[in-house]
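# Structural characterization, general
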Amino acid sequence: MQDPESYLSSVFGFESFRPGQEEIVRAVAAGLNTLAIMPTGGGKSLCFQLPALMQPGVTVVISPLIALMRDQVRGLRTAGVEAGALTSGNTPEETDAVWQGLEAGTLKLLYIAPERLAASGTERMLKRAGVTMIAVDEAHCVSQWGHDFRPDYLRIGALRKTLDVPLAAFTATADTETRAEIVERLFDGTQPETFLRGFDRPNLALAFEVKNQPRAQILSFAAARRGQSGIVYCGTRAKTETIAKALRDEGHSACHYHAGMEAEDRRIVETRFSREDGLIVCATVAFGMGVDKPDIRWVAHADLPKSIESYYQEIGRAGRDGAPADTLTLYGPDDIRFRRSQIDEGLARGDRKSADHGRLNALLGLAEALGCRRQILLGYFGEEATGPCGNCDLCAVPPETFDGTQPVRKALSAILRTGESFGAGHLIDILTGNATDKVTERGHDRLPTFGVGRELDRRGWQAVFRQMAAHDLIRPDPDRFGALRMTQAARPILKDEATIILRKDALARAPRRPAVRT
Ligand code: ADP
Ligand code: ZN
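Residues numbered from 1 in each chain as written. Chains lettered and ligands numbered in written order. Predicted model: local features only at pLDDT ≥ 70, side-chain atom pairs only at ≥ 80, totals over all residues. Heavy atoms only, no water.

Looking only at helices and strands, the protein chain has 22 helices and 18 strands in total. Each of the three principal axes of the protein chain carries a C-alpha extent, and together these read 90 × 50 × 45 Å. Every one of the 518 residues in the protein chain was classed for burial, and the buried ones make up 51%. For the protein chain, long-range pairs separated by at least 24 residues make up 74% of all intrachain contacts whose partners lie at least 6 apart in sequence. If you sum the accessible surface of the protein chain, you get close to 22700 Å²; carbon and sulfur atoms cover 49% of it. For the protein chain, the distance from the average site of its 66 positive side-chain charges to the average site of its 67 negative ones is 3 Å. (Helix = DSSP H or I, 4+ residues; strand = E, 2+ residues; numbered from the N terminus. Buried < 20%, exposed > 50% of the residue type's maximum accessible area, 1.4 Å probe, protein only. Contact = heavy atoms within 4.5 Å. Areas by Shrake-Rupley, 256 points an atom, 1.4 Å probe, with all protein chains shown as cover. Lys, Arg positive; Asp, Glu negative; His and termini not counted. Charge placed at Lys NZ, Arg CZ, Asp CG, Glu CD.)

A few words on the site of ligand 1. In the neighbourhood of ligand 1, 13 residues make up the surrounding shell, with Ser16, Gln21, Gly41, Lys44 and Ser45 lying closest. The separation between a nitrogen atom of ligand 1 and a polar side-chain atom of Gln21 is 2.9 Å. Ser45 is positioned such that a nitrogen or oxygen atom in its side chain is 2.2 Å from an oxygen atom of ligand 1. (Near = heavy atom within 4 Å. Polar contact = N/O pair within 3.5 Å; in protein donor to acceptor, adjacent residues only side chain to side chain.)

With respect to the helices, strands and loops of the structure, Lys353 is situated in helix H15 (residues 350–367). Buried charged residue Lys353 carries no salt bridge. Nearest counter-charge: Asp344, at 5.9 Å. (Salt bridge = Lys/Arg side-chain N within 4 Å of Asp/Glu carboxyl O.)

Before going further, it helps to spend a moment on the coordination of the zinc ion (ligand 2). Bound to the zinc ion (ligand 2) on the protein side are Cys372 (SG), Cys389 (SG), Cys392 (SG) and Cys395 (SG), at distances that span 2.3 to 2.4 Å. Each of the four donor atoms bound to the zinc ion (ligand 2) contributes to angles spanning 101 to 120°, and the resulting shape is tetrahedral. (Donors = N, O, S within 2.8 Å, 3.2 Å for Na, K, Ca; no water. Tetrahedral: all angles 85-135°; square planar, octahedral: opposite > 155°, others 65-115°.)

Before going further, it helps to spend a moment on the pattern of salt bridges. Applying the stated criterion across every chain, the model contains 32 salt bridges. We note a salt bridge from Glu103 to Arg128, for which the minimum N-O separation is 3.2 Å. Placement of Glu103 in helix H5 (residues 92–104) and of Arg128 in helix H7 (residues 122–128) is noted, with a sequence separation of 25 residues between them. Assigned by exposure class, Glu103 and Arg128 land together as exposed. The closest approach of N and O atoms between Glu264 and Arg267, which form a salt bridge, is 3.3 Å. With Glu264 and Arg267 both in helix H12 (residues 263–275) and three residues apart, the pair spans about one turn of that helix.

For helix H19 (residues 424–432), a buried count of seven out of nine residues is recorded, marking the element as mostly surrounded by other parts of the structure. Considered for burial, the residues of H19 that qualify are His426, Leu427, Ile428, Asp429, Ile430, Leu431 and Thr432. Along its buried surface, H19 packs onto helix H18 (405–417), helix H20 (437–441), helix H21 (458–470) and strand E17 (484–486). In the stretch just after H19, Gly433 is the one whose phi turns positive, near 70°.

Let us look at the packing of aromatic side chains. All chains considered together, the criterion is met by twelve aromatic pairs. Ring plane angle 65° and centroid distance 4.8 Å describe the contact between Tyr312 and Phe381, whose orientation is recorded as edge-to-face. You can see Tyr312 sitting in helix H13 (residues 308–315) and its partner Phe381 sitting in the loop between helix H16 (373–380) and helix H17 (393–396), a full 69 residues away along the chain. The exposure class assigned to Tyr312 is buried, which follows from its relative accessible area of 6%. For Phe381, a relative accessible area of 3% puts it in the buried group. Here the aromatic cluster, defined as three or more aromatic residues joined through ring pairs, consists of Phe199, Tyr312, Tyr380 and Phe381. Taking the ring centre of Phe221 as reference, the NZ or CZ of Arg225 above it sits at 3.9 Å. (Phe/Tyr/Trp six-rings, centres within 6.5 Å; stacked < 30°, edge-to-face > 60°. Lys NZ or Arg CZ within 6 Å of the ring centre and 35° of its normal.)

Turning our eyes to something else, we now look at the sheet that holds strand E2 (residues 58–62). Strand order across the open sheet formed by seven strands is E3-E4-E2-E5-E6-E1-E7, with parallel pairing between neighbours. Every other strand in the sheet has two partners, leaving strand E3 (83–86) and strand E7 (193–196) as the edge strands with one partner each. Across this sheet, the average inter-strand angle for adjacent strands is 15°, counted without regard to direction. Against the sheet, helix H4 (residues 66–78) makes contact with E3 and strand E4 (109–112), and its axis sits at roughly 165° relative to E4, the strand it touches most. (Pairing = 2+ DSSP bridges. Axes fitted to C-alpha atoms, helices over the stretch in contact; angles between N-to-C directions.)

On to the environment of Ala318, then. Relative to the helices and strands, Ala318 is located in the loop between H13 and strand E14 (325–331). Put simply, Ala318 and Val210 are 108 residues apart on the chain and 22 Å apart in space, counted from C-alpha to C-alpha. Setting aside anything within four residues of it in sequence, one finds Ala318 in contact with Arg201, Leu204, Ile296, Trp298, Val299 and Ala325.

On to helix H2 (residues 21–29), then. Residues spaced three or four apart along an α-helix face the same direction, because each turn holds 3.6 residues. Within H2 the residues assigned to the buried category are Gln21, Ile24, Val25, Ala27, Val28 and Ala29. Here the buried face of H2 lies against helix H1 (4–10), strand E1 (34–37), helix H3 (44–54), strand E5 (131–136), strand E6 (167–171) and E7. Downstream of H2 by a residue or two, Gly31 has a phi angle that is positive, lying close to 80°.

Right, here's the structure in full:
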């Protein structure tokens, strides 16, 4: 067996392995069952393509994305590797060529769409073909809870057993639950050799800003990057259209993209984006999977993503070429409320919901971080950082902090004394001693908490409430719109058993800084 390195340069034209690739290649080539968790753009395909060449017989690759499959097949053939795909988009000639390659035993990689697994005859065909290994791309599609669920992925586990060959699964989804589901469904519950590598994307500058004038914030971020390709992720379809228009009004080349558009119109945007320089796409999360443009220079979130995984995946679309790229995420109390209620109102089971709250909490922790954001992000994914990154907004300007224990206790007591029935606005009126009609009508001006928080102004209190929500000390009441309730996590602070450090409101800090370049 030749050394993997020799294939790396002779077939793929790469000088060296990327972080993590070599170990995975060696494990896969050694015929071990493997699960590799690598971020988007980390170079997963090489990890099964290269071992496929090192082994006799054919490697079956299952992937949900026909366009990407076809790209890979084209790339491999150009490099002189016999590869073929069986997908619904095939011409009869293409399909014939694949069959012939299989019959002759010359085909090294056979890409098949998951739907094919359901077709009668596929299994028989694969049994005859001398399959040495199964590679599963986007393995998280086997998870019934994820939004990429593909029912046909559930057939893969059985196929592995029938063919009795090793299986290598790849995904960019790092959360432990999805991982467990992959192990259960693809590997029958037996833990495969598992790799989690390459989550650090040092060329991506990380930044969060409190949303104050969202449109102006996005426009100024884009203005500083005029002429560069970028994506603005928006929480709603309507917003993709308004922000795209606002960008065009400022002379940018911008268009919108969401799942409510005709397939044809969406394809036009995808094609324009990949071909044109400097186009900005304002999109919902529908835009992304399958976007394979290496030189996206920036990604901005006009609204907070739903979890730390989504955040990572979405910013990860920028800078795949390794050159510096900027990211900015806006967030505010409305985002937190929106994401919480989305989880609460969703159809998921209770344990799933609390896991989703946990993933949202992780993202909020990142938003309200007190130190290097990259260290926190990598820590979440289980990878260790060597030190502060020097390429995030908090490394550039460390936040000012203060002991927030007293204000938080005052806020909690205002919440409890008013029966957990009111929103932040009313509670701030009480704390700052603002005797509005609503306050006096309810007799809240006679509460002991009335006016105890005059040391902070309204904006200061808004920052405290936002951070309390981000620390999951308070949550909106799912049954009473706008009302805030205290969570279990707040008890130790209320009982004086724990303290909490807060940031002076980010609003008070320098507005937009250009990203740091090293
Ligand atoms: P993903 O992990 O998202 O599937 P790909 O396998 O498509 O990523 O790889 C992303 C990009 O990185 C591709 O353009 C690929 O050619 C490139 N790449 C992969 N491995 C290497 C390497 N060792 N050296 C240089 N470029 C690489
Ligand atoms: Zn940093």
